[in-house]
Amino acid sequence: MTVVTETPLAQRVAGRPRVIVTRRLLPETEARMDELFDVTHNFDDVPMSRDALVAAMRECDVLVPTVTDRIDGAMIAEAGDRLGLFANFGAGVDHIDLAAARARRIVVTNTPSVFTDDTADMAMALIISVPRRFPEGSRMLLDGKWTGWGPSNFLGSSLGGKRLAIIGMGRIGQAVAHRARGFGLEVVYHNRHRLPPAIENMLGARYEPDLDRLIADADILTLHCPASTDAHHLLDAKRIALMKSSACVINTARGDIIDEEALIEALQNGRIAGAGLDVYAREPTVDPRLLALPNVVLMPHLGSATVEGRGAAGLRLIANIRFWIDGHRPPDQVLEGWA
């Protein structure tokens, strides 16, 4: 059995740490990083290729990746000996092979919590927009096809009294439940672990242990579970077939949680009423069939796109790097598998 020992920090960093950032951050974040570290920024903001990422990992102490950067075990195996920290910009770390990083004693950090409210706002916007058919109406107006108000034109569905089913009741799921109460929605949720009764009472949410029953009874289904092997195609053709024909699905989590092919077929055939998507299976590519559907609201992964949220993430990112440089455990270290 090979015993992996952690390289002393002093051997990793001589002087200011070498930091490579894979995407463009806010100017104030970049400026502060320049004051503290020896930084290479990606001012062109073009996603780095696999080879470029490997080259970066060979020459830096800290790599700052984002969700667009897939870093697998083979890439980590080619990293230089000085690389000691993946300081991820964003909460999700499913794009990084955590086991491979752990084997190389490379610390992984993220920036949790800062995007909770922004992502919940996006989910709520889609929850409102899809049943009310707002984008269809806007498109008709922009295309010059609106002929005026009529009592039977563009009828959607009201939210009051409808059942909102939440899959994944972490920080974002709870924030969505909190917002949903103000619209008169009945909130039912499924989660790996049931919430304490006090939190359920505060949110006005009811736990449903049977995932298939939750999906079958939902008027609006919103996904907030983290990407994982278990969550891949969690909403597949079989489960989509359980949904009401009047129901819609909202996804602001990860694209591969839904079997996109099955979803498109259900939307095309009127098997379900609509969908609101901020994430996709093959980002940044969006299936042209989705683009052509009138009953779909599509957003370009804007869930966390606020100045406030991105600024807060930058502060968390810098704090994590500084803690690591000082030889302390970073506040947002991803601890899966670590002592």
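Residues numbered from 1 in each chain as written. Predicted model: local features only at pLDDT ≥ 70, side-chain atom pairs only at ≥ 80, totals over all residues. Heavy atoms only, no water.

Under the annotation held in an unreviewed UniProt entry, the protein carries the name D-glycerate dehydrogenase and is attributed to Novosphingobium anseongense. UniProt, in its Sequence similarities (unreviewed entry) section for the protein, records the words "Belongs to the D-isomer specific 2-hydroxyacid dehydrogenase family." (UniProt positions renumbered as here; feature names shortened; annotations may be inferred.)

Trainee: Please give an account of the pattern of salt bridges that cites residues and values.
Mentor: Under the criterion given, the structure shown has 26 salt bridges. Measuring nitrogen to oxygen at the nearest pair gives 2.6 Å for the salt bridge that ties E35 to R32. Highlighted residues: E35 and R32, both in helix α2 (residues 27-36), separated by three residues, approximately one helical turn. Under the relative-accessibility criterion, E35 is labelled exposed at 53%. The partner of R282 in a salt bridge is D287, with the nearest N and O atoms 3.9 Å apart. When salt bridges that share partners are traced, they join R163, E186, R206, E208, D210, R213 and D217 into one network. (Salt bridge = Lys/Arg side-chain N within 4 Å of Asp/Glu carboxyl O. Helix = DSSP H or I, 4+ residues; strand = E, 2+ residues; numbered from the N terminus. Buried < 20%, exposed > 50% of the residue type's maximum accessible area, 1.4 Å probe, protein only.)

Trainee: Would you mind going over the layout of surface pockets in detail, with residue names and values included?
Mentor: Space left empty within the atom packing is revealed by a probe, the size of a water molecule, rolled over the atoms. Of the pockets and cavities examined, the second largest pocket occupies roughly 280 Å³. In terms of lining, the second largest pocket is formed by 22 residues, of which the most central are V130, P131, S157, S246 and A273. When contributions to the lining of the second largest pocket are tallied by element, the ones reaching two or more residues are α6 (116-132), α7 (134-142) and β12 (296-298). Here the lining of the second largest pocket gets three residues from one element, more than from any other, and that element is α6. In terms of residue class, the lining of the second largest pocket is built from eleven nonpolar, seven polar and four charged. (1 Å grid on protein atoms, 1.4 Å probe; cavity = no way out; pocket = protein on both sides within 12 Å on 5 of 7 lines; lining within 4 Å. Points joined across faces, edges and corners; volume = space filled by probe spheres on them. Nonpolar A, V, L, I, M, F, W, Y, C, P; charged D, E, K, R; others polar.)

Trainee: Could you give an account of the pairing of strand β9 (residues 220-223), naming the residues involved and the relevant values?
Mentor: Residue alternation in β9 divides its side chains into two sets, I220 and T222 and L221 and L223, and both sets are buried. With four bridges joining them, strand β6 (residues 163-167) and β9 adopt parallel strand pairing. Across the sheet, the residue bridging to L164 is I220, located in β9. Inspection of the sheet shows β9 paired to strand β10 (residues 248-251) by four bridges, in the parallel sense. By the bridge assignment for β10, I220 is matched with C248. (Pairing = 2+ DSSP bridges.)

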